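If you want the building blocks of each chain, they are given just below.
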Amino acid sequence: MPEVVVSIGPQHPALKEPVNFKIVADGEKIVRLELDLSYNHRGIEKAAEQRNFIRVLPLLERVCGICSHSHATVFSKGIEEIMGLEIPPRAQYIRTIIAELERMHSHLLWLGVAAHVIGFNTLFMWTWRDREAVQDTLEEMSGNRVHYGMNEIGGVRRDLTPAQVEAALERLPALEERIKKYVEMVNSEETMLIRFRDVGKMSREEALKYGAVGPTARASGVDYDVRRDDPYLAYAEVPWNVITDTHGDVYGRTRVRVGELWESTQIVRYCLENLPAGPIRVDAPKNAPKGEILSRYEAPRGELAHFIRTNGTDKVERVDIRTPTLANWTSVAVCLVNQNIADIPVIVAAIDPCLSCTSRMTVVNRVDKEGR
Amino acid sequence: MTDPVFILLYIFIFPGFFFLISYALFFAYLDRKIAARMQQRVGPPIYQPLADLIKMLGKEVINPNGVDWRVFDAIPLIALAAVMTAFLYVPVLGYSPLAFQGDLVVVLYLMALPTIALFVLGWLSRNIFSAIGGIRAVTQLFIYEVPFFLALLTPAIMAGSWSITEIVVWQQHNLWIIFFQPIGFIVALIGLQAKLERTPFDIPEAETEIVAGPWTELTGRRLALMDLATDVSLVVGSALVAALFLGGPMLPWVLAPFWLNGIAGFVLFLVKTLAVLLLLSSIKVATGRIRIDQLNDIGWKYIASAAVVQVGIVLVINYLWVVP
Amino acid sequence: MSVLREMLENLLSRPITILYPKEKVPIPESFRGRVAITDDKCIGCSKCSLVCPAQVITMIDGPREVEFKGKSFARKKRPQVKLYKCIRCGICERHCPTGAIYLKHELSSSGTDREVVIT
């Protein structure tokens, strides 16, 4: 059969967000592909430069719907470091609880999507049903299911009442039970193993070479997690493990994510049980001194970095957002070659892409001197 | 039995086309409802398939650029006509009045027609997703059709007849064929699932990979008719499996008034087809999609060999035990 | 095989879906609903309109004698919220010195009346 070009996206049922692959396929095998990103430039970085520190946080939360707490936390963490603020431990713990709940709901969502792309809709329905428990906890704590609005410069906005802590602890055992079941399913369910094993294989060297982050890298045996290697919030005090895997394929990435789900429940449990007393915020000054910082954070999808430059006013001079999806794209392009056409959605979904979060870069073609 | 009025009633009203279409819509509803409840969802209301059908019949029909619209209009009709004709030879009230020697073969080939229709549709659509889907449909046909045919022909070998009604009568005097051929029954179920392109084998219309495969360019009444054809083949397939393996719509003894046999047969038909549907829905819910190369592997290595083994067993049984 | 067992259990149990308009969704105590203003408490300081990230709070005329921290003075303006643009972040509630502006525990906020979309 001659080579055919299959154009997938920007509208395609497997991709809920705009991205375009031009896949050159020989029968059902992929020969090479071209990636086209940035269909959805939203101008968030420029908008962030025009708002003061109180008003910028809700905007940054809206960079991503799934990891909204990540973006707000990484930004306030950076600004607090520039201002030289010491955040009270109770605020640190509350931020950690929200962050880990967010990781749980993100990974459960991902597990459902991964099952959906192989047509296993039952697991999709079940994980999204169980995700509701996490969302209910988040709604109870923060007042909203998606954009939690917990952060402000200098601490958190809302305190956790004892009733909320108790309700969350009550929900945890059932959730742990379910997560145990998912760990078992991922490792034993033939219908998933047959589609996930040996698909999108990436060695440790390749993962390092192409700069993969997060669960994608950890599934290839890269033992790296910002939470452990550059501790922030309460992670230094909480006992937990970095989950790595040596499979390097989609199966490995699934194993890493369900392992992290379990670790997250344990972190949340520890934080809820050992929540320190005290104030939940310190008063932040209106202006930040001149400075530059690269703030790092382990978002559910991988390492998230905000580069922040302040100039002594109440606004940032520049904020540059590097989302984990951008770091993982190159690895997808490499993984896809020589795979089956049927495996495209599986491999793409395996990095948990969040495309509209990523669409903020300028690609400069140096040869033609054309900006885009 | 040869009264033309009776035959016309049989073909058009009961248990012919009218009953078939209502039952197909009910089957589609039940299939979705069972799947939904297994996933702890609510599922659709009972009128949903009918509402979908009526809605789609009224929608605008879009012709893709450069496609022969006459062929596009005809293909869903051919597919629907084929499976509806196939149903006439499947016994519903005990006997089928249209039965003849060899109707099993006719039914099997008529049921293969929708797949060919899908392939032609995909090929004509001038759409890369449809073309890939069409190729996948026909590749899949080559894989499952041989074991499926073998599995459904073994009852015929056992009963010594090529007529579905006679196979049912044979089971009335002896045991259900599933007791002699459990492997054949499983192969037939898998083959039926593959023929209907339901979940482990929905490779040709894999939503997340190739949009809707050959169905991508279907709109309006074409989509409605094609959907109906799929629903109808679900009924025909279940009825066929129920007739060939589960004794069909016949009690092992004859009841006193003649018409009571018909009613008992109809109730048995409903119970047995619904049992087959429950099995098919469970397979659909419990599995994810496999890849076409994996299907090729599994299909020829295991399913086809299982079907051949079954044929061998049946030949041995027939040799040792002379059918009375 | 755990899948098959769970499928059967689900088939025999009730669906978990909440049929929303017919059944009510439980709303937690801390829910951030639509913005409401207690005009009696408002001293017209304009802080809410300054911190609002979506800039949906505008100050309109509303002169009245008010009392704050023992002192009484005349306020000139009062806030008006365009709820259709509100993102319900709750920052106005956090920064209000008297607790006059707050978020209600109310889930649904659609309607055709002017009062529903502008407070």
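As the structure is a computational prediction, the values presented were derived from the model and not from experiment.

Participant: Looking at this model, I keep getting lost on the overall build of chain C. Mind explaining?
Facilitator: Looking only at helices and strands, one finds four helices and four strands in chain C. Moving toward the C terminus, one meets the helices and strands of chain C in the order α-β-α-β-β-α-β-α. At 21 Å, chain C has a C-alpha radius of gyration far larger than the 14 Å of a compact globule built from 119 residues. Seen through its principal axes, chain C has C-alpha atoms that stretch 75 × 30 × 25 Å. Taken across its 119 residues, chain C has 18% of its residues classed as buried. Contacts in chain C between residues at least 24 apart in sequence constitute 70% of all its contacts with a sequence separation of at least 6.

Participant: What am I meant to see in the sheet that holds strand β8 (residues 316-322) of chain A here?
Facilitator: Note: strands within a sheet are paired through backbone hydrogen bonds, in either parallel or antiparallel orientation. Residue and element names in this part refer to chain A. If you trace the three strands from one edge of the open sheet to the other, you get β6-β7-β8, paired in antiparallel fashion. Sheet topology places β6 (291-299) and β8 at the edges, where each strand pairs with a single neighbour. If you compare each strand with its neighbour and ignore which way they point, the axes differ by 15 degrees on average. Pairing of β6 with strand β7 (residues 302-310), which is carried by nine bridges, proceeds in the antiparallel orientation. Pairing of tyrosine 297 across the sheet is with leucine 304, part of β7. Here helix α3 (residues 68-83) sits on the sheet in contact with β6 and β7, set at roughly 145 degrees to β6. Sheet contacts for helix α12 (residues 324-336): β6, β7 and β8; angle to β7, the most-contacted strand, approximately 130 degrees.

Participant: Could you clarify how one ought to interpret the interface of chain A and chain B in this entry?
Facilitator: By a widely used convention, the size of an interface equals the accessible area lost when the partners come together. Contacts between the two partners involve 25 residues from chain A, matched on the other side by 22 residues from chain B. Of all elements in the fold, only β1 (3-8), α4 (89-117), α5 (121-142), α7 (190-196) and α13 (344-350) of chain A reach the threshold of two or more residues within the side of chain A that touches chain B.

Participant: Just checking my understanding: could you explain the packing of helix α6 (residues 162-188) of chain A against helix α11 (residues 250-273) of chain A for this structure?
Facilitator: Between two packed helices, both the angle of their axes relative to each other and the distance between the axes serve to describe the pair. Residues and elements named next belong to chain A. Between α6 and α11, the shortest axis-to-axis distance is 10 Å and the interhelical angle comes to 160 degrees. Regarding the angle of α6 to α11, the classification is roughly antiparallel. Crossing geometry of α6 relative to α11 is assigned as left-handed. Contacts between α6 and α11 involve Val165, Ala168, Leu169, Leu172, Leu175, Glu176, Ile179, Tyr182, Val183 and Val186 on the former and, on the latter, Thr254, Arg255, Val258, Leu261, Trp262, Thr265, Val268, Arg269 and Leu272. Split by residue class, the contact of α6 with α11 holds 14 nonpolar, two polar and three charged.

Participant: So what exactly am I meant to see when it comes to the interface of chain B and chain C here?
Facilitator: In this assembly, nine residues from chain B lie in contact with nine residues from chain C. Among the secondary structure elements, those contributing two or more residues to the side of chain B that touches chain C are α2 (17-38) and α11 (258-286) of chain B. Among the elements that line the side of chain B that touches chain C, the one with the most residues is α11(B), at three residues. Split into classes, the residues belonging to the side of chain B that touches chain C amount to four nonpolar, three polar and two charged.

Participant: I tried to follow the pairing of β8(A) on my own but got confused; where do I start?
Facilitator: The two faces of the sheet receive side chains in turn, since in a regular strand these alternate between them. All names here are of chain A. As paired elements, β7 and β8 share six bridges and run antiparallel to each other. Its bridge partner lying in β8, alanine 305 is registered against arginine 322. The hairpin formed by β7 and β8 contains five residues between the paired strands, and glycine 312 there has a positive phi angle of roughly 85 degrees.

Scoring rules and cut-offs
- Residues numbered from 1 in each chain as written.
- Chains lettered and ligands numbered in written order.
- Predicted model: local features only at pLDDT ≥ 70, side-chain atom pairs only at ≥ 80, totals over all residues.
- Helix = DSSP H or I, 4+ residues; strand = E, 2+ residues; numbered from the N terminus.
- Rg over C-alpha atoms; globule rule 2.2 N^0.38 Å.
- Buried ≥ 20, exposed ≤ 12 C-beta atoms within 10 Å, placed from the backbone.
- Contact = placed C-beta atoms within 7 Å.
- Pairing = 2+ DSSP bridges.
- Axes fitted to C-alpha atoms, helices over the stretch in contact; angles between N-to-C directions.
- Parallel < 35°, antiparallel > 145°, perpendicular 65-115°, else oblique.
- Left-handed = near helix turned anticlockwise from the far one by under 90°.
- Nonpolar A, V, L, I, M, F, W, Y, C, P; charged D, E, K, R; others polar.

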